[in-house]
Amino acid sequence: VVTRDDVEKSLKEVWQYIKDKEQLLKDLHSQIEETEQRFSVKQAERDYWLEYKNVGSKMLANKIMNLEKDIKQVKDDHHRATEYYRNVLKATKEENDRLFEMHMKLCKEQALENAMRYLDKNSRREIEENEWLKEEVKVYQKEVSDLKASIHLLEEENVSLVAKLIDSRLRNLRV
């Protein structure tokens, strides 16, 4: 037996779980912003060193190449982190939706059971009779469709027999 308090407790746990995931998402967004800021700093450094390179400073060429590698690495890391966090977010949303649907289904079943428990005998009997009648209607509908199919076949057979009879009488008349 699940009580209302249990259901509310379960809903609160699901709600807290969602809030925790949202906080994690906010933290991930701040990390992405920090990475983007580092990227812009590295980009500025790259631009600065490219200017030196164009002016003719060959000594700093290696450093420029290393900075370009760093920038590329930061871009790659940023891209991978973004994809990872997107996938984590998608998986978390799907899991939350699945848990919520499962919980709602459980709540509906429990509500039905609770409602049935508090009904009087006459109401319960009426519900059971209604279910029985629904099953009987399905059986009769199947029988009706079977009979319609049989009638259709018999009508086709009658039509072909009448056509043969008419043909044979026409032949007899010609003779």
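None of the values given here were measured: they were computed from a predicted structure.

**Here we look at the overall build of the protein chain**
Step number 1: Scanning the protein chain from terminus to terminus reveals three helices and zero strands.
Step number 2: When the helices and strands of the protein chain are read in sequence order from the N terminus, they spell out α-α-α.
Step number 3: Relative to its length of 175 residues, the protein chain is extended, with a C-alpha radius of gyration of 39 Å against a globular reference of 16 Å.
Step number 4: Dimensions of the protein chain along its principal axes, counting C-alpha atoms only, are 120 × 70 × 15 Å.
Step number 5: Per-residue burial over the protein chain gives 10% buried out of 175 residues.
Step number 6: Counting every atom, the protein chain has about 15,000 Å² of accessible surface; 57% of that belongs to carbon and sulfur.
Step number 7: Between the mean site of the 34 positive side-chain charges and the mean site of the 37 negative ones, the protein chain shows a separation of 5 Å.

**Thoughts on the packing of aromatic side chains**
Step number 1: On inspection of all chains with the given rule, the structure shows one aromatic pair.
Step number 2: Residues Tyr-84 and Tyr-85 carry aromatic rings whose centres are separated by 5.4 Å and whose planes lie at 65° to one another, so their mutual orientation is edge-to-face.
Step number 3: What makes Tyr-85 buried here is its relative accessible area of 17%.

**So, the environment of Ala-163**
Step number 1: Following the sequence through the fold, Ala-163 ends up in helix 3 (residues 121-174).
Step number 2: A relative accessible area of 36% means that Ala-163 is categorised as partly exposed.
Step number 3: Distance in space between the C-alpha atoms of Ala-163 and Glu-94 is 66 Å, their sequence separation being 69 residues.

**Quick look at the pattern of salt bridges**
Step number 1: Taken as a whole and assessed by the stated rule, the structure comprises 11 salt bridges.
Step number 2: Its salt-bridge partner being Asp-47, residue Arg-46 comes within 3.6 Å of it at the nearest N-O pair.

**A short note on the UniProt feature "coiled-coil region" (unreviewed entry) in the protein chain**
Step number 1: With numbering aligned to this structure, UniProt lists the feature "coiled-coil region" (unreviewed entry) at residues 18-77 and 130-157.
Step number 2: The distance separating the terminal C-alpha atoms of residues 130-157 is 40 Å; by composition the span is 100% helix and 0% strand.

How each quantity is defined
Residues numbered from 1 in each chain as written. Predicted model: local features only at pLDDT ≥ 70, side-chain atom pairs only at ≥ 80, totals over all residues. Heavy atoms only, no water. Helix = DSSP H or I, 4+ residues; strand = E, 2+ residues; numbered from the N terminus. Rg over C-alpha atoms; globule rule 2.2 N^0.38 Å. Buried < 20%, exposed > 50% of the residue type's maximum accessible area, 1.4 Å probe, protein only. Areas by Shrake-Rupley, 256 points an atom, 1.4 Å probe, with all protein chains shown as cover. Lys, Arg positive; Asp, Glu negative; His and termini not counted. Charge placed at Lys NZ, Arg CZ, Asp CG, Glu CD. Phe/Tyr/Trp six-rings, centres within 6.5 Å; stacked < 30°, edge-to-face > 60°. Salt bridge = Lys/Arg side-chain N within 4 Å of Asp/Glu carboxyl O. UniProt positions renumbered as here; feature names shortened; annotations may be inferred.

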